[in-house]
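# Residue-level structure breakdown
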Amino acid sequence: MLRFLLKRILEFIPVLLIISFIVFSLVFIAGNPVALMLPEDASQEDIDRLTTALGLDQPFIVQYGKYMVGLLQGNFGESFRYNTDALPLVLERLPATLELAAASMIIAILIAIPLGVWSATRKNTSMDLIATGGAVIGKAMPNFWLGIMLILLFSVTLGWFPVSGRGTLAHLILPAITLGTGIAAEMTRLIRSSMVEILSQDYVRTAKSKGLRDFFVIYKHAFRNSLIPVVTITALQTSTLVGGALITETVFSWPGLGQLLIQAVNTRDMAIVQASVFVIATLVILMNLLADLIYRILDPRIKYS
Amino acid sequence: MGRPKRLLFVSLLLLILMLAACSSDGEVDKGSAQEGNRVLTIAMGSDIVSFDIHNHNNTSTEAVHDNMFNYLFKRDDNNGIQPELVDSFEQIDDLTVQMKLKEGVKFHNGDPLTSEDVKFTLERVATDETLKEFPNYKQIKEVEIVDDLTFKVITYEPEPSLFHRLSRLGSGMLPKKYIEEQGWDHFLSNPVGTGPYKFKEWIRDDRIVLEPFDDYYEGKVDEWDEVVFRVIPENSTRVSELLTGGVDIAVNIPPSDWDRIDKNDGTSMKKETSNRTIMLILRATEGYPTADVRVRQAIDYAIDDGSIAEHALKGGGIPTKTRVGPGNFGHNPKLYDTYNYDLEKAKALLAEAGYPDGFEMTLHSPKGRYLQDAEVTEMIAGMLSQVGIKVNIEFMEWSNFVEMRTAKKNKDAYLLGLGNSMFDGAYSVDWYRAERFEGETDYKNDEIEELLQASASNMNPEEREKQIQQIEEIAAEEVPHIQLYQETINTGVSDRIDFTPTQDEMIYVPKIKRK
């Protein structure tokens, strides 16, 4: 187990290096950010001067070399917009994003597991249709729209929750529901289909024929085995949540990584973009590793050599 | 079976603990309207950039800084320039002004303001080329200290805009001793100024909190115990916060929400003319139809600025033929609140220029940068089609738009909005200087060139004003840029406070009163 972990962690290094190269190249191709940093009436002279001062007139290989040297020292460079080191700025946002991701995931799990199991046991009934149909709608609803509707209903009309910002548990609920529903929809469908498959297998039938109660069969025998694909999707979705919650974060002005990244892209703040992508990539890898470990717990037959 | 189950249970428990730990480190929100009346909350569209007053060009950043830093001079309600930190001043010669600071001005850390601080502040921005405000202060050669409170500001050339420069953020006074002892990084996370409010907290992309400064030189301003600037980028969220009483002021409200705010109990819209003018910049480069002055005039005559202001902007715009609006030095009232519109004349001009059946042109436009920019561009295309000009609109995301401009890849025309933070018309008319836009708009007028040259160092304000006005008149006739309208600032305000937006888009808290 320990050797497996160590090996996986060593595998991260080339992956992260490749990612950093791709991100750096993309940002380089995206162009010179100086004109965006200066006001509309800046002269060409001002633009040239700042470009030189920031070293942006140097060839790709020189800029990339400098970037890599910094990176090896744990330094992602300085944000043009904020004039401060990029990595601390990104890490500062991580708690807010993780908080939102975890809350959304809990909401998704709370909705998806009972709904998925329930509709699998009632396969092809009208209740099952309603549940799967609801999941399709949940998946199709754009986060942006859902977020604004939730604000209008629960904050403006009913006054139950604050409109935006971060702080108390009440602030967390609406954005977590916004993000959680989409994931819940996907998970519900997944749990349902894997449950349907497992319920038709021999050992479930054997258990039933031994006279065990339905509830016991479903939750003690079948459910556990249907969790493996759910773990995969949870791991993947959590990493998507970390990097992709930008629209929801913007709607609820949630000060997370997504909001920082979208602003950095708009202002071509290279160092921030690079550091954010790097941090998100690391999280994705870690989540995948976690998923592998949970597989082992769920099904001891899975071995990693 | 037992062990794995326990592991699963433990990992779930860990997840929940992680969540709990995350939630508890957030700042507890103090809603403004509900909880006492002594907290003022303002919703901005973007976060401030930093507390380095010299290294940004961002209006909402300055709107926060304005409450923490004092300038040497300040524009009054009528845009006249008045001394602020300066007690008295005297122009010694064309290059030198001697000034004396007010007595008893203190920084938030208790240090007194002296000539040393002035020298430190102004010479920093005038010499450090990497600072974004450097271009606006590089005219200053040095600050010579006479005594603790007296100093001379010396420029390289006669500098008619010096007082305009000294009434902006770049002359917000920095504490020399504090910065030298503690370092810049410490200053940037614990900024200190001389202003009525002092720094309390900044959570990036969330909020900036200020509190009153007890030793403010004009006496403590204690209308508000705390001022919170909240960052809410999404328009509809900002509106919802205002409607629910979460914030007292919400900036940049789009026209579609004006009615909602006005009809809601307890909130209303407040509008003020901004210093930003929206215009079409045309190519005068040889080979383009718009190189012909008659074609440019035809376009000007074909566009109904009044209708744009009334319909696309719901009244949120004032048609103009000049970029130098009221309140700016060199404003020409003859060219303001008026516009050309005559379809027959436009057609005649086109025929005369050799385009009786019109022609095809490309119009670049940013989308989402200015109030209703896409709608305005579409209206313009519709209006031009009436005289036979077929407009191909190219909407661009802002960063691509900026790149198109810097790469000089503009085709026939693009839509742009320009303000003037200097409130000096010289900066606006400088856009007609040929050298500056070579390969981009290629407009050149010798008379304008001469007037620009003459006004740049003219220390006689009356003469200089006339020169700037004359440039505006020539440009209004030759239309290298078709001025469309001056934008309004649209702010939603809670009825519990007394606030009127100002042309410079600052939010100066001491002027905001509880009702």
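Everything below is about the structure printed above this text.
All of these numbers come straight from a predicted model, not from anything done at the bench. Just so you know, the residues in each chain are numbered from 1, in the order the chain's sequence is written. To label them, take the chains in the order written and letter them from A, then take the ligands in the order written and number them from 1. Local features are withheld for residues below a pLDDT of 70 in this predicted model, meaning they are given only at 70 or higher, and side-chain atom pairs are given and counted only at 80 or more; totals for whole chains, interfaces and linings count all residues. Only heavy atoms go into the side-chain values, all of them from the structure, while hydrogens and water stay out.

## Comments concerning the overall build of chain B
In terms of helices and strands, chain B carries 17 helices and 19 strands. Taking 2.2 N^0.38 as the reference for a compact globule, 515 residues should give roughly 24 Å; the C-alpha atoms of chain B span a radius of gyration of 26 Å, in line with that estimate. In terms of overall dimensions, chain B has a C-alpha envelope of 85 × 80 × 50 Å along the principal axes. Considering chain B as a whole, with its 515 residues, one finds that 58% of them fall into the buried category. Contact definition: two residues touch when any of their heavy atoms are within 4.5 Å. Within chain B, counting contacts between residues at least 6 apart in sequence, those at least 24 apart form 69% of the total. When the accessible surface of chain B is split by element, carbon and sulfur atoms take 47% of a total near 20,700 Å². Only four residue types enter the tally: Lys and Arg on the positive side, Asp and Glu on the negative side; His and the chain ends are excluded. Note that the charge is assigned to NZ on lysines, CZ on arginines, CG on aspartates and CD on glutamates. Across chain B, the mean location of the 58 positive side-chain charges is 5 Å away from that of the 92 negative side-chain charges. By definition, any uninterrupted DSSP run of H or I lasting at least four residues is a helix, any uninterrupted run of E lasting at least two residues is a strand, and each is numbered from the N terminus. Radius of gyration here is computed from C-alpha atoms only, and the compact-globule reference equals 2.2 Å multiplied by the residue count raised to the power 0.38. Between buried and exposed lies partly exposed: a residue is buried under 20% and exposed over 50% of the maximum accessible area for its type, with that area taken using a 1.4 Å probe on protein chains only. In these tables, accessible area is a Shrake-Rupley quantity obtained with a 1.4 Å probe, and a residue counts as shielded only by the protein chains included in the view.

## Examining the pairing of strand E1 (residues 39–44) of chain B
All names here are of chain B. Among the six residues that make up E1, six are buried, leaving the element largely enclosed by the rest of the structure. Both faces of E1 are covered, namely the face carrying Val39, Thr41 and Ala43 and the face carrying Leu40, Ile42 and Met44. Pairing of E1 with strand E11 (residues 249–250), which is carried by two bridges, proceeds in the parallel orientation. Each bridged residue has a counterpart across the sheet, and for Ile42 the counterpart in E11 is Ile249. Pairing between two strands requires that DSSP report at least two bridges joining them.

## What to know about the nonpolar core
Ile299, Ile303, Ile308, Ile380, Ile389, Leu416 and Leu484 of chain B are the most contacted members of the largest nonpolar core, which has 133 residues in total. No other element matches helix H13 (residues 270–298) of chain A, which puts 18 residues into this core. Each residue touching Ile303 of chain B, except ones within four places of it in the same chain, is listed here: Leu280, Ile308, Asn340, Tyr341, Ile380, Met383, Leu384 and Leu484 of chain B. Definition used in this section: a nonpolar core is a set of buried Ala, Val, Leu, Ile, Met, Phe, Trp, Tyr and Cys residues joined via side-chain atoms within 4.5 Å.

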